[in-house]
Amino acid sequence: VDLTIEEGEFVTLLGPSGCGKSTLLKMVAGLLEPTDGRLHLWRKPVAQLDESGKQIAFVFQSPTLMPWASVQTNVRLPLDLAGVPRAEADARVTEALALVGLSKFANALPRALSGGMQMRVSIARGLVTQPDLLLMDEPFGALDHQTRELMQELLLGIWEAQKKTVLFVTHDIDEAVFMGNRVVVMSARPGRIKLDRSVPLAHPRHYLIKTSPEFSALKAELTEAVRAEVLASQTPAAV
């Protein structure tokens, strides 16, 4: 994989199942080591991330919340683990919950929340560390259609305001085009960069932009690219 992401970009990553999208994300996060090649963050090896003063947050497909703990305790967890003083941590939790529209649910337990609200808690937990890079692995994959669209608009609004660097894995082509200012398509296993397209859609974005000719044209191109790779992954290898 040969890929460069600039600071402040929102890059969405598409490709057939098993091509390595999540693996790539985990390597960027430092959870897996590349078997070969170089992976640099802010022009330094991943192992030197602490020296760079930069922060990374990872939002998974499942909210992975502690069921016995309140919303604010769940969001504060990474700050507690980092030893951030309680007063500062609580202030940052309050700010993060306000960003995702959950200020009134700070004392609620996860079981009292809908799936979409639980995902907002997970996003708030990612944002509370004030990350420079936000890694997201199909965070809206399990949500119903309407909730998913609302979450897309919520996250995109946060990005438009803060311009954090985001690398976002999805299987949904509509979502990839709507969310990203750049879409990268990976080939079937072994995963390689097959297509890298800028998204020529203005900000701020409203869901009705999905009906525009520009949106439809890019969606059609990406659909063909992903479809070809899905078919390739299902074709038996020649003997």
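K.L.:
Looking at this model, I keep getting lost on the overall build of the chain. Mind explaining?
P.N.:
Secondary structure assignment for the chain yields eight helices and eight strands. Here the C-alpha radius of gyration of the chain, 18 Å, is about what a compact globule of 239 residues would show, namely 18 Å. Taken over the C-alpha atoms alone, the chain extends approximately 60 × 40 × 35 Å along its principal axes. Looking at the chain alone, contacts between residues at least 24 apart form 71% of all its contacts between residues at least 6 apart. Carbon and sulfur atoms make up 53% of the accessible area of the chain, which totals about 12500 Å². Side-chain charges in the chain split into 25 positive and 27 negative, and the spacing between the mean points of these groups amounts to 3 Å.

K.L.:
Help me understand the side chain of Glu229 in this model?
P.N.:
Inspection of the secondary structure puts Glu229 in helix α8 (residues 213-234). In this structure, Glu229 is in contact with Pro16, Met186, Ser187, Ala188 and Lys194, ignoring residues within four places of it in sequence.

K.L.:
Would you take a moment to explain the packing of aromatic side chains for this structure?
P.N.:
To describe a pair of aromatic rings, one takes the distance between the centres and the angle between the planes. For the coordinates displayed, the defined rule picks out four aromatic pairs. When the centroid spacing of 5.9 Å and the interplanar angle of 80° are considered together, the rings of Phe10 and Trp159 count as edge-to-face. Separated by 149 residues along the polypeptide, Phe10 in strand β1 (residues 10-14) and Trp159 in helix α6 (residues 145-162) bring together distant segments of the chain. Ring centres of Phe10 and Phe168 lie 5.9 Å apart, and the angle between their planes is 40°; this geometry places the pair in the tilted category. Highlighted residues: Phe10 in strand β1 and Phe168 in strand β6 (residues 165-169), separated in sequence by 158 residues. For Phe168, a relative accessible area of 0% puts it in the buried group. In this structure an aromatic cluster arises from ring pairing among Phe10, Phe140, Trp159 and Phe168. Residue placement shows Lys163 over the ring face of Trp159; its charged tip is 4.7 Å from the ring centre. Sitting above the plane of the Phe178 ring, Lys210 keeps its charged end 4.9 Å from the centroid.

K.L.:
Got a minute to help me understand the pairing of strand β5 (residues 133-137) in this structure?
P.N.:
Note on strand geometry: in a regular strand, side chains alternate between the two faces of the sheet. For β5, the tally of buried residues reaches five of five residues, placing the bulk of the element in the interior. Here β5 shows two buried faces, one formed by Leu133, Leu135 and Asp137 and the other by Leu134 and Met136. Sheet topology places strand β4 (residues 56-59) next to β5; four bridges connect them, and they run parallel. Bridged to Ala57 within β5 is Leu134. Between β5 and its parallel partner β6, the chain crosses via α6, and the hand of that crossover is right-handed.

K.L.:
Teacher, can you tell me more about a nonpolar patch on the surface here?
P.N.:
Together, Leu31, Leu32 and Phe60 line one region of the surface with nonpolar side chains, adding up to about 260 Å² of accessible area. Residue placement: Leu31 occurs in the loop between α1 (21-28) and β2 (40-41).

K.L.:
Just checking my understanding: could you explain the sheet that holds β1 for this structure?
P.N.:
To summarise the sheet geometry, strands pair through backbone hydrogen bonds and adopt either a parallel or an antiparallel arrangement. Spatially, the six strands line up as an open sheet ordered β4-β5-β6-β1-β7-β8, and their pairing is mixed. Only two strands of the sheet have a single neighbouring strand rather than two, namely β4 and β8 (193-198). Pairs of neighbouring strands in the sheet enclose a mean axial angle of 15°, with direction left out of account. Of the pairings in the sheet, the one linking β1 to strand β7 (residues 182-186) comprises four bridges and is parallel in character. From the neighbouring strand, Val11 faces β7, where its bridge partner is Arg182. Sheet strands in contact with α1 are β1, β4, β5, β6 and β7, and its direction is about 150° off that of β5. Along the sheet, α6 contacts β1, β5 and β6; its crossing angle with β1, the most-contacted strand, is approximately 140°.

K.L.:
How do you make sense of the nonpolar core when you look at a structure like this?
P.N.:
Taken as a class, soluble globular proteins show a tendency for nonpolar side chains to be buried jointly. Ranked by size, the top nonpolar core spans 52 residues in total, and within it Val75, Ile123, Phe140 and Leu222 carry the most contacts. With six residues, the top contributor of residues to this core is helix α5 (residues 115-127). The contact partners of Phe140, leaving out residues within four places of it in the chain, are Met119, Ile123, Arg148, Met151, Gln152, Leu155, Phe168, Glu175 and Met179. Of all hydrophobic cores here, the second largest spans 16 residues; its members include Val11, Cys19, Leu25 and Leu135.

K.L.:
What should I look at first to understand the pairing of β8 in this one?
P.N.:
Here β7 pairs with β8 via five bridges, running antiparallel. Bridge pairing in β8 places Val183 opposite Arg197. The antiparallel hairpin formed by β7 and β8 contains six residues in its connecting segment.

What counts, and where the lines are drawn
- Residues numbered from 1 in each chain as written.
- Predicted model: local features only at pLDDT ≥ 70, side-chain atom pairs only at ≥ 80, totals over all residues.
- Heavy atoms only, no water.
- Helix = DSSP H or I, 4+ residues; strand = E, 2+ residues; numbered from the N terminus.
- Rg over C-alpha atoms; globule rule 2.2 N^0.38 Å.
- Contact = heavy atoms within 4.5 Å.
- Areas by Shrake-Rupley, 256 points an atom, 1.4 Å probe, with all protein chains shown as cover.
- Lys, Arg positive; Asp, Glu negative; His and termini not counted.
- Charge placed at Lys NZ, Arg CZ, Asp CG, Glu CD.
- Phe/Tyr/Trp six-rings, centres within 6.5 Å; stacked < 30°, edge-to-face > 60°.
- Buried < 20%, exposed > 50% of the residue type's maximum accessible area, 1.4 Å probe, protein only.
- Lys NZ or Arg CZ within 6 Å of the ring centre and 35° of its normal.
- Pairing = 2+ DSSP bridges.
- Right-handed = clockwise from strand over helix to strand, strands pointing away.
- Patch = residues over 30% accessible without salt bridge, like charges linked within 9 Å, V, L, I, M, F, W, Y side chains within 5 Å.
- Salt bridge = Lys/Arg side-chain N within 4 Å of Asp/Glu carboxyl O.
- Axes fitted to C-alpha atoms, helices over the stretch in contact; angles between N-to-C directions.
- Core = buried A, V, L, I, M, F, W, Y, C linked by side-chain atoms within 4.5 Å.

None of the figures reported here should be taken as evidence of function without further support.
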